[in-house]
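Inside the fold
Below are the chains, spelled out letter by letter.
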Amino acid sequence: MKICPRCGNEVDEEMIICPHCGEILQKPSNKKSSDSLNIHLVRGLALFSLLLPIIGLIVGILAKEKFPMISKILTKFSLYGIIIAFMLLMLALICYLAMTFTGVSYL
Ligand SMILES: [Zn+2]
């Protein structure tokens with residue numbers, strides 16, 4: 001049993017809303033959902049940082065015929081971008097695994 005912070009009545013542990021006064025009580029699953037939100041954010045950023053240089057690389061290859069100089073620079077930087085993105089992806093994966101095993105959010 002837990003105590004409602006508003007009316008002081010005893011409330012069942014599973015209750016989300018106090019049956020005595022209607023106060024919204026903190027859900028036990030709150031922490032978990034914010035953790036998965038962080039994971040989604042990290043995953044989204046990692047995928048985005050991977051996608052951007054791949055697009056650059058494709059554009060670079062497509063532009064080879066008409067703009068050889070731009071293509072050369074774009075392809076070169078895109079390859080660096082892919083390497084950096086892969087490292088970020090690995091870092092995100094390590095963070096994800098660490099969060100899963102320890103249950104602690106590092107973000
Ligand atoms: Zn209450």
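Residues numbered from 1 in each chain as written. Predicted model: local features only at pLDDT ≥ 70, side-chain atom pairs only at ≥ 80, totals over all residues.

The next thing to look at is the overall build of the chain. A count of helical and extended segments in the chain gives two helices and two strands. Of the contacts formed within the chain by residues at least 6 apart in sequence, a portion of 32% connects residues at least 24 apart. (Helix = DSSP H or I, 4+ residues; strand = E, 2+ residues; numbered from the N terminus. Contact = placed C-beta atoms within 7 Å.)

For helix α2 (residues 68–102), spanning 35 residues, the distance from its first C-alpha to its last is 50 Å, which sits close to the expected 51 Å at 1.5 Å a residue. Within the span of α2, buried status applies to Leu74, Ser78 and Ala85. (Expected span 1.5 Å × (residues − 1). Buried ≥ 20, exposed ≤ 12 C-beta atoms within 10 Å, placed from the backbone.)

Attention now moves to the confidence of the model for the chain. For the chain, per-residue confidence averages 80 on the pLDDT scale, and 86% of positions sit at 70 or higher. Mean pLDDT across the elements of the chain ranges from a minimum in helix α1 (residues 30–62), with 75, to a maximum in strand β2 (residues 10–11), with 90. (pLDDT = per-residue confidence, 0-100.)

You can see Cys4 is positioned in the loop between β1 (2–3) and β2. A tally of 18 C-beta atoms within 10 Å means that Cys4 is categorised as partly exposed. Placed 17 residues apart in sequence, Cys4 and Cys21 show a C-alpha to C-alpha distance of 8.8 Å. Once residues lying within four places of it in the same chain are set aside, the contact partners of Cys4 are Asn9, Val11, Cys18, His20, Cys21, Glu23 and Leu25.

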